[in-house]
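One-letter residues, chain by chain:
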Amino acid sequence: MVATKEFAASVCCLFAAVVCVVGQGNGSLKGVARDTAGANVAGVEIVFTNQVTSDAKIIRSDANGMYSIQLQPGAYRVTVQPPYTAKFDKEKNYGEFALARDQALENLIVEAGKDLALDVVVEKQKLETAPAPAAEKPTG
């Protein structure tokens, strides 16, 4: 009977250790997609591309503009899908190695077991209409 209790306790400890290790394999990012006026924007597709493996994950902001994603540790490039463009502030500190470039945030470091907050400011792209072709005049 004592051996059974010790065995059960050992199994429980081993299971708890495995759960802790597995749970720390990913890092998480949470944030809000907002427009330039500060209003939350629903339906923005945010793309996280691992800069070593080129694996990409896309998450869509919910009805309140919020998103949450689990990612493997690594350096990521963050962009958004059309019809939006991202507006990362070059003066803002997004992390030790992160660089805001044009419509992307590069080198965002995700660490195992760590939570990051990243709000993404977006602007809806203006659709440019192509000029109508000039009517051809008959020759002769």
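Here's a quick rundown of the structure. None of these values were measured; they are calculated from a predicted model.

### Observations concerning the nonpolar core
Right, on to step 1. Residues Leu29, Phe48, Leu105, Leu118 and Val120 are the most contacted members of the largest nonpolar core, which totals 24 residues.
Right, on to step 2. Those elements that place two or more of their residues in this core are β1 (27-35), β2 (45-50), β4 (66-71), β5 (74-80), β6 (84-86), β8 (104-110) and β10 (120-124).
Right, on to step 3. Setting aside its immediate chain neighbours within four residues, Leu118 contacts Leu29, Lys30, Gly31, Val32, Phe48, Tyr67, Val78, Tyr94, Leu105 and Leu108.

### Some remarks on the pattern of salt bridges
Right, on to step 1. Enumeration over the complete set of coordinates arrives at 6 salt bridges.
Right, on to step 2. Between Glu106 and Arg77 there is a salt bridge, and its shortest N-O distance comes to 3.4 Å. In this pair, Glu106 sits in strand β8 while Arg77 sits in strand β5, placing the two residues 29 residues apart along the sequence.
Right, on to step 3. Ionic pairing is found between Glu106 and Arg101, a salt bridge with its closest N-O pair at 3.4 Å.
Right, on to step 4. The class for Glu106 is buried, based on a relative accessible area of 15%.
Right, on to step 5. In this structure Arg101 comes out as partly exposed when scored by relative accessible area, which is 43%.
Right, on to step 6. Put simply, Arg77, Arg101 and Glu106 are held in one network by salt bridges that share partners.

Calculation notes
- Residues numbered from 1 in each chain as written.
- Predicted model: local features only at pLDDT ≥ 70, side-chain atom pairs only at ≥ 80, totals over all residues.
- Heavy atoms only, no water.
- Core = buried A, V, L, I, M, F, W, Y, C linked by side-chain atoms within 4.5 Å.
- Buried < 20%, exposed > 50% of the residue type's maximum accessible area, 1.4 Å probe, protein only.
- Helix = DSSP H or I, 4+ residues; strand = E, 2+ residues; numbered from the N terminus.
- Contact = heavy atoms within 4.5 Å.
- Salt bridge = Lys/Arg side-chain N within 4 Å of Asp/Glu carboxyl O.

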